[in-house]
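# Tertiary structure, described
Letter by letter, the chains look like this.
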Amino acid sequence: MFCWLSRLCRGLSTPTRRTTQLIWSSASRSLVLSSQRKIPELSSFVARTNTCGELRSSHLGQEVTLCGWIQFRRQNIFLVLRDFHGLVQVVIPQDESAASVKKILCEAPMESVVQVSGTVISRPPGQKNPKMPTGEIEIKVKTAKLLNSCKKLPFEIKDFIKKTEALRLQYRYLDLRSVQMQYNLRLRSQMVMKMREYLCNLHGFVDVETPTLFKRTPGGAKEFVIPSREPGKFYSLPQSPQQFKQLLMVGGLDRYFQVARCYRDEGSRPDRQPEFTQIDIEMSFVDQTGVQSLIEGLLQYSWPSDKGPVVVPFPSMPFAEALASYGTDKPDTRFGMKIVDISDMFRNTEVGFLQDALSKPQGTVKAICIRKGAKYLKRKDIESIRKFAADHFNEEVLPIFLKTNENWNSPVAKFIMEEQGSGLVKLLETQEEDVVLLTAGEHKRACSLMGKLRLECADLLEARGVVLRDPALFSFLWVVDFPLFLPKEENPQELESAHHPFTAPHPSDIHLLYTEPHKVRSQHYDLVLNGNEIGGGSIRIHNSELQHYVLATVLKEDVKLLSHLLQALDYGAPPHGGIALGLDRLMCLVTGAPSIRDVIAFPKSFRGHDLMSNAPDSIPPEELKPYHIQVSWPTDAETEKSSSNHPCRSES
């Protein structure tokens, strides 16, 4: 049944303060924008009088014209007509005088597009359908027109029909007809509209489009390169409008926002696409608290009310605490199972691998307690956890069972229970059926391992029916006080930006920038929702000399690439800061979709391909000549190596 519209009707939160109140009418087609404005007319300018989903008993006796797709037909007596708004039952005339109408409606294949005209009548007693919004009425057809016949479909347009994602992407225009995709895209549209209202109408932001063709930016993700007609010169597609929005602040725009298209030449993941959309925001004369308050208000204003209220202010957590307690900079705070440092308990231990870890710099012993783990985890689960730790982190993980299944304990675990059992029970507040996972190693590495095991254990417990992460709960969190720089993976002696090179250092740490830059904290902040980063921003460097020092001396970047920005900062740049919200990821979480591809109309596949149009595609050599480039085809060995890097990767 078409429930997406009623969900949308309940979905948008009621505006407050200085705006016109949005009221959704459950009996009407859409929203009402205050008493001064009319209901949006869904049938204006088109060849219908009404939508299929709006008709009710109040329309009895009215002559209507409807357009839509044939979804179902029963015994050549009834058919169900569907449009974007819902479903309505149509009575196929059986008398001789209407033979031509019957022929059209009975012979048209499913999913054919038809136009019908007739009278709204009440369904006979006993035939009303309370589960269908239009279930009290039906249409007695007088005339019908076949607008377009439908060939045999590659899959049925029904949500309960299972389809591979590759097939859905190949026939995306059919997949968009599904109830869920209609709901996802319309809710996305409504939330973006509410965000525009909040930013532009309530807080004076200016919506500015920034260029898509730009130049290479140092650092960050890989960029798509676009050839130009000038030999050896190329554009780049921007990862974000970062430089432009800062330049808009230099230009005195004061408050900027944009629903911005961004591009990164990276492999897709369930939460990432090569092209994506973000709500991009920048403000002058603002501090971190101001940006955070703006975003909290923005989300509270645009949040669907049927998802529960957004409570502000959001809690905040330093990066160091997030890493120490959750093993990640984007913690899922809907459940506990926090990482606990138990190093002090084992300073004098005789257990070899614990002794070895604690003797090294930054050496620690970490533990998490899995509530009722002995009841729900099987021996194969424990072995899988240990194998993951060994394969991905080259670390030992020791499971310790308290009383239940105590015989599963290894000799080392039994020794630890004899040596420190009472201390573990007290520190971790364990109970009989709990399981403790213990590891030892360098602080960051041990925390990262335990953070991944925490999520893996949550998956295992939930697969056995334990509810840890309530899907109806939305847990927002600000993560702050990130390091400004991180060691490069390929060369730890050199530094790279933890966020981007335009992020301002924490005011308390500026003196360290010139002596111990690796210790400097940044004015960067991430917004996390249910363990997913949905936004990130910072206060920017607005001093040209400081920006030049960071780029040239600390990061050793070619400052010529950013000469325009450095020059602009010299011409009276105001203090400024901003943030970008990942719209695709946000909508994925709001709708409960398994992938961001389910909230994008025409997404790319896992490998960045458009399976519908087969993009990217080859170009004839003569069309490449004006760009002064030619294709260097890979050798067989290079092709084989590329394929071996993705042995099991499908298009979806």
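This text follows the structure it describes.
Residues numbered from 1 in each chain as written. Predicted model: local features only at pLDDT ≥ 70, side-chain atom pairs only at ≥ 80, totals over all residues. Heavy atoms only, no water.

Secondary structure assignment for the protein chain yields 18 helices and 23 strands. Here the contacts in the protein chain between residues at least 6 apart in sequence split such that 68% fall between residues at least 24 apart. Here the protein chain has roughly 32,800 Å² of accessible surface; of this, 52% comes from carbon and sulfur atoms. Here the protein chain holds 80 positive side-chain charges and 76 negative ones, and the gap between their average locations is 7 Å. (Helix = DSSP H or I, 4+ residues; strand = E, 2+ residues; numbered from the N terminus. Contact = heavy atoms within 4.5 Å. Areas by Shrake-Rupley, 256 points an atom, 1.4 Å probe, with all protein chains shown as cover. Lys, Arg positive; Asp, Glu negative; His and termini not counted. Charge placed at Lys NZ, Arg CZ, Asp CG, Glu CD.)

Before going further, it helps to spend a moment on the pattern of salt bridges. Here the structure, examined in full by the defined rule, presents 36 salt bridges. Arginine 177 is the partner of glutamate 111 in a salt bridge, and the nearest nitrogen-oxygen pair spans 2.8 Å. Here glutamate 111 is found in the loop between helix 2 (99-107) and strand 6 (113-122), whereas its partner arginine 177 is found in the loop between helix 4 (172-175) and helix 5 (179-203), with 66 residues between them in sequence. Residue glutamate 111 is classed as buried on the basis of its relative accessible area, which comes to 6%. Given a relative accessible area of 22%, arginine 177 falls into the partly exposed group. The salt bridge partner of arginine 334 is aspartate 332, with a shortest N-O separation of 2.8 Å. A relative accessible area of 5% means that aspartate 332 is categorised as buried. Overlapping salt bridges bring together Arg168, Arg172, Asp175 and Asp598 as one network. (Salt bridge = Lys/Arg side-chain N within 4 Å of Asp/Glu carboxyl O. Buried < 20%, exposed > 50% of the residue type's maximum accessible area, 1.4 Å probe, protein only.)

Side-chain direction in a regular strand flips from residue to residue, so the side chains alternate between the two faces of the sheet. With 2 bridges joining them, strand 8 (residues 206-207) and strand 11 (residues 255-263) adopt parallel strand pairing. The partner of aspartate 207 across the bridge, within strand 11, is phenylalanine 257. Pairing geometry for strand 11 and strand 12 (residues 275-284), over 9 bridges, is antiparallel. In the sheet register, cysteine 262 faces strand 12, and the bridge partner there is phenylalanine 276. (Pairing = 2+ DSSP bridges.)

Another point: the packing of helix 8 (residues 319-326) against helix 13 (residues 443-463). Orientation of helix 8 relative to helix 13, taken along the N-to-C sense of each, is 60 degrees, at an axis distance of 7 Å. On the basis of the axis angle, helix 8 is oblique to helix 13. Along its contact with helix 8, which presents Leu323, Ala324 and Tyr326, the element helix 13 presents His443, Lys444, Cys447, Gly451 and Arg454. Classifying every residue of the contact of helix 8 with helix 13 gives 4 nonpolar, 2 polar and 2 charged. (Axes fitted to C-alpha atoms, helices over the stretch in contact; angles between N-to-C directions. Parallel < 35°, antiparallel > 145°, perpendicular 65-115°, else oblique. Nonpolar A, V, L, I, M, F, W, Y, C, P; charged D, E, K, R; others polar.)

This part is about the side chain of asparagine 50. With respect to the helices and strands, asparagine 50 occurs in the loop between strand 2 (31-33) and strand 3 (63-74). Judged by its relative accessible area of 6%, asparagine 50 falls in the buried class. Looking at asparagine 50, its side chain comes within polar contact range of the side chain of threonine 49, at 2.7 Å. (Polar contact = N/O pair within 3.5 Å; in protein donor to acceptor, adjacent residues only side chain to side chain.)

Quick look at the sheet that holds strand 16 (residues 397-401) now. Taken together, 4 strands build an open sheet; the order of strands is 14-15-17-16 and the sheet is antiparallel. Unpaired on one side and paired on the other, strand 14 (340-341) and strand 16 mark the two borders of the sheet. Here 2 bridges tie strand 14 to strand 15 (residues 363-370), and the two strands are oriented antiparallel to one another. Bridge pairing in strand 15 places aspartate 341 opposite lysine 366. Strand contacts of helix 12 (residues 411-428): strand 14, strand 15, strand 16 and strand 17 (435-442), with the helix running at about 75 degrees to strand 16, the strand carrying the most contacts. Sitting on the sheet, helix 13 touches strand 15, strand 16 and strand 17, and the angle it makes with strand 17 is about 155 degrees.

The next point concerns the environment of lysine 366. Tracing the backbone shows lysine 366 in strand 15. It is 43 Å that separates the C-alpha atoms of lysine 366 and serine 284, two residues lying 82 residues apart in sequence. In this view, lysine 366 contacts Ile339, Val340, Asp341, Ile342, Leu437, Leu438, Thr439, His443, Ala446, Cys447 and Met450; residues no more than four positions away in its chain are not counted.

Core analysis: the largest hydrophobic core is formed by 56 residues, its most contacted members being Ile281, Ile295, Leu299, Trp303, Phe476 and Leu527. Here this core gets 8 residues from one element, more than from any other, and that element is helix 5. Those residues within four positions of isoleucine 295 in sequence are excluded, and the remaining contacts are Ile281, Trp478, Leu527, Ile579 and Leu581. Among the nonpolar cores identified, the runner-up in size contains 23 residues, and Phe335, Ala374, Phe401 and Val466 belong to it. (Core = buried A, V, L, I, M, F, W, Y, C linked by side-chain atoms within 4.5 Å.)

Going through the model one piece at a time under the given rule, you end up with 12 aromatic pairs. Three or more aromatic residues joined by ring pairs form one cluster here, namely Trp303, Phe314, Phe474, Phe476, Trp478 and Tyr525. Seen from the ring of tyrosine 627, arginine 229 lies directly overhead, with NZ or CZ sitting 5.3 Å from the centre. If you follow arginine 454 out to its NZ or CZ, it ends over the ring of phenylalanine 335, 3.8 Å from the centre. (Phe/Tyr/Trp six-rings, centres within 6.5 Å; stacked < 30°, edge-to-face > 60°. Lys NZ or Arg CZ within 6 Å of the ring centre and 35° of its normal.)

A barrel is described by the order of its strands in space; here 5 strands give the closed sequence 3-4-5-7-6, paired in mixed fashion. Across the sheet, the mean angle separating the axes of adjacent strands is 55 degrees when strand polarity is ignored. Where strand 3 and strand 6 come together, 7 bridges link them in antiparallel fashion. The residue bridging cysteine 67 from the neighbouring strand is glutamine 115, located in strand 6. Where helix 2 meets the sheet, its contacts fall on strand 3, strand 4 (78-83), strand 6 and strand 7 (137-148), and the angle it forms with strand 7 comes to roughly 75 degrees.

Taken together, the side chains of Tyr173, Phe602 and Met612 make up a nonpolar region of the molecular surface, amounting to roughly 290 Å² of accessible area. Within the secondary structure, methionine 612 sits in the loop between helix 16 (583-591) and helix 17 (621-624). Residue classification places methionine 612 among the partly exposed residues on the basis of a relative accessible area of 32%. (Patch = residues over 30% accessible without salt bridge, like charges linked within 9 Å, V, L, I, M, F, W, Y side chains within 5 Å.)

Turning our eyes to something else, we now look at the environment of tyrosine 256. Mapping tyrosine 256 onto the fold places it in strand 11. Put simply, tyrosine 256 and aspartate 610 are 354 residues apart on the chain and 32 Å apart in space, counted from C-alpha to C-alpha. Setting aside chain neighbours within four positions, we find tyrosine 256 in contact with Phe205, Val206, Val208, Thr210, Pro241, Lys245, Leu248, Met249, Asp280, Ile281 and Glu282.

It is worth spelling out the environment of threonine 134 at this point. Inspection of the secondary structure puts threonine 134 in the loop between strand 6 and strand 7. Along the primary structure threonine 134 and tyrosine 571 are separated by 437 residues, whereas in three dimensions their C-alpha atoms are 64 Å apart. With near-sequence residues (within four places) excluded, threonine 134 lies in contact with Cys52, Gly53, Leu55, Arg56, Leu87, Val88 and Arg123.

This brings us to helix 13. Helical geometry note: an α-helix holds 3.6 residues per turn, so side chains three or four residues apart project in the same direction. An ideal rise of 1.5 Å per residue puts 30 Å on 21 residues; helix 13 measures up with 30 Å between its terminal C-alpha atoms. For helix 13, the set of buried residues is His443, Ala446, Cys447, Leu449, Met450, Gly451, Leu453, Arg454, Cys457, Ala458, Leu460 and Leu461. (Expected span 1.5 Å × (residues − 1).)

As for its position among the elements, serine 228 is in the loop between strand 9 (225-227) and strand 10 (234-236). Of the polar contacts made by the side chain of serine 228, one reaches the backbone nitrogen of glutamate 230; its length is 3.2 Å. There is a polar contact of 2.8 Å between the side chain of serine 228 and the backbone oxygen of lysine 233.

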